[in-house]
Amino acid sequence: MGREINTVGVVGLGTMGAGIVEVFARNGLSVVAVEIDAQALERGRANLAGSTDRAVAKGKLSPQDRDALVGRVDFQVGLAALHSVDFVIEAVPEHLDLKQQIFAELDRVCPPHAILATNTSSLSVTEISVATHRPHQVIGVHFFNPAPVMKLVEIIKTVVTTPEVVADVEAMCARLGKADVTINDRAGFIANALLFGYLNHAVTMFEGRYATREDIDAAMKLGCGLPMGPLALMDLIGLDTAYEILDTMYRRGGRDRRHAPNPLLKQMVTAGLLGRKSGRGFYTYEKPGSPVVVDAAAAVEGEASLERPITTVGVVGSGTMASGIIEVFAKAGYEVLSVTRGAEKSARVCETVKTSLNKGVVRGKLSEADRDQTVGRITWSTNLDHLADVDLVVEAVVEELSVKKALFASLDEICKPGVVLATTTSSLPVIECAMATQRPADVIGLHFFNPAQIMPLVEIVSTIRTSATTRATAKSVIAKLGKTGVGCADRAGFIVNALLFPYLNDAVKMLEASYATADDIDAAMKLGCGYPMGPFELLDVVGLDVSLAIQRELYLELREPGFSPAPLLEHLVTAGYLGRKTGRGFRDHTHR
Ligand SMILES: NC(=O)c1ccc[n+]([C@@H]2O[C@H](COP(=O)([O-])OP(=O)(O)OC[C@H]3O[C@@H](n4cnc5c(N)ncnc54)[C@H](O)[C@@H]3O)[C@@H](O)[C@H]2O)c1
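Below is a summary of the structure that appears in this document. (Residues numbered from 1 in each chain as written. Predicted model: local features only at pLDDT ≥ 70, side-chain atom pairs only at ≥ 80, totals over all residues. Heavy atoms only, no water.)

## What about the overall build of the chain?
In step 1: Broken down by element type, the chain carries 23 helices and 16 strands.
In step 2: For the chain, the spread of C-alpha atoms along the three principal axes comes to 85 × 50 × 45 Å.
In step 3: The burial tally for the chain puts 54% of its 592 residues in the buried class.
In step 4: Within the chain, contacts between residues separated by at least 24 positions form 69% of all contacts whose residues are at least 6 apart in sequence. (Helix = DSSP H or I, 4+ residues; strand = E, 2+ residues; numbered from the N terminus. Buried < 20%, exposed > 50% of the residue type's maximum accessible area, 1.4 Å probe, protein only. Contact = heavy atoms within 4.5 Å.)

## Examining the pattern of salt bridges
In step 1: Tallying each qualifying case throughout the model produces 30 salt bridges.
In step 2: In this structure, the salt-bridge partner of arginine 213 is aspartate 295, at a minimum N-O distance of 3.1 Å. A residue pair is termed long-range when its members are at least 10 positions apart, and arginine 213 in helix H8 (residues 213-224) and aspartate 295 in the loop between helix H11 (263-270) and helix H12 (303-306) qualify at 82 residues.
In step 3: Salt-bridge contacts for lysine 404 lead to glutamate 399; the nearest nitrogen and oxygen are separated by 3.6 Å.
In step 4: The network of salt bridges with shared partners includes Asp53, Arg66 and Asp67. (Salt bridge = Lys/Arg side-chain N within 4 Å of Asp/Glu carboxyl O.)

## Observations regarding the environment of cysteine 529
In step 1: As for its position among the elements, cysteine 529 is in helix H20 (residues 518-529).
In step 2: On a C-alpha basis, the gap between cysteine 529 and glycine 314 in space is 41 Å, while along the polypeptide they are 215 residues apart.
In step 3: Setting aside its immediate chain neighbours within four residues, cysteine 529 contacts Met150, Ala191, Leu195, Pro227 and Ala524.

## Some words on the site of the ligand
In step 1: Taken together, 25 residues lie around the ligand, and Met16, Glu35, Glu94, Lys99 and Ser121 are the ones closest in.
In step 2: In this structure, serine 121 approaches the ligand through a side-chain N or O atom, which is 2.8 Å from an oxygen atom.
In step 3: When the ligand is considered free in solution it has 840 Å² of accessible area, and contact with the protein chains removes 89% of it.
In step 4: Among the secondary structure elements, those contributing two or more residues to the shell around the ligand are helix H1 (15-26), helix H2 (38-57), helix H4 (96-109) and strand S6 (138-143).
In step 5: Its residues assigned to classes, the shell around the ligand comprises 11 nonpolar, nine polar and five charged. (Near = heavy atom within 4 Å. Polar contact = N/O pair within 3.5 Å; in protein donor to acceptor, adjacent residues only side chain to side chain. Areas by Shrake-Rupley, 256 points an atom, 1.4 Å probe, with all protein chains shown as cover. Nonpolar A, V, L, I, M, F, W, Y, C, P; charged D, E, K, R; others polar.)

Encoded structure:
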């Protein structure tokens, strides 16, 4: 028979604590909410009021339920108020000495049966537990931000936490409507261990002016379907908290350089730019705590005057990407000239485009007349010489440098002056294509995502030789396609793949180390971070061979030891387990 948890305590009512109070009170538990002084207590009360008022405004909570919820919370200054709770969770800043001090005090104040929990993101629960005389009753209960929204809770047991305590906490999480994963005490647990290397890398991209904050964030939202971009997420987490988490993970997690906090973070924290909670971080907000950004990106003046008019577009290639790109341009009103290596290939691409357009008609997204006009705008050819008069060429041939270079050399001879020459490569250096021509200033990368008809993102990759005119023209064309173009420099993986694949590779390494199962890791990222797919689901869809090739490319270019491909990934590829396309990858798809 487990213990009854009816009254709970929450210590620290900041970003996380206030949300955790809301979760408990919303599910009928009595909460003693504790802060360090009267001012912080008022701030905590305001945090809870702000969140519940927003829920009422959105129609997700009735005013009566809000009042009942707030009525279940007893706001107090000082830990002494926790004398009769059954369970207490601490959510004070991420410093070990502070947490140990609080646990020693909780041990004195709370009843002997009470479970003492920490919401730490990265510190050792074991080290926190030994500050008490009841380490077997100490446990990590890691909620995700925002606590009322995210479904996941990571439950961290130490080597001495008793099974009964784990069972009681698991039962409590179920009562709160949360899904849980129970894991051992390791830096960053599942989700943060996979998340923070990625977040830090995004800060490094921003700091190195590799891309703007808007473009980095848009790339990950639109390219991967994430609920927020990494810099906006950093602002939500709080830059001081993020700094501490990275710092602890660096020290506890094997000194992986990717966790060494980017120096910009420290500077921002020192300057009081803590993210949303202070009203300014990577973005500036209406007021502290508000999600409304007030410093939207300014348009680059004079860019429009640089762009060249584009009416005809040549697309070279006959694969999945080429057919998607042909369709996208033709739909947007451009005259498209498709060039393939043979009449049969042209016929196949033509069929693919027509089938795809017909699907649009069946779904009511496209009229029959529009479909016919779109098809009418496409001309089919097998001769590159026909590209002599187009304004833009988009190349989507096989991902082999020698083939692409030869093609660019031919385009250089065939195309008229002033044409924008674009490559859709996802992993080769764009500058190599540019230098195969006598006009490197006119060459740019346009990295479409698959399926091009659907994915709203295009990475616009400028080399050190790309001219402002070429860039402005490319940006304007992508906007006319109804896509979001994000600009970046010519480095392996551009924005999306450089941020995505190391994270996937890390997930494989975590599985390989037997820290958690593929199911738990997938659940952690989906339910804790709002990802549309877990890393193993995504790897099986993308293809393990493709993923390994991209990861190798990143490793070779950046020489970052943490990017070395996971041996398990290599072995699966060698074994022919490539994902859905072969019926088996991380999971067996033949019986599903
Ligand atoms: N921010 C996130 O996204 C996130 C997510 C999951 C877990 N966490 C973890 O939750 C914990 C809290 O982080 P946060 O982001 O909410 O920090 P925060 O800075 O927003 O809030 C911390 C609160 O603790 C209060 N506090 C400080 N000393 C105290 C004391 N002695 N007694 C009572 N209250 C005290 C502060 O006044 C403040 O309100 C950290 O361990 C963090 O790693 C954070």
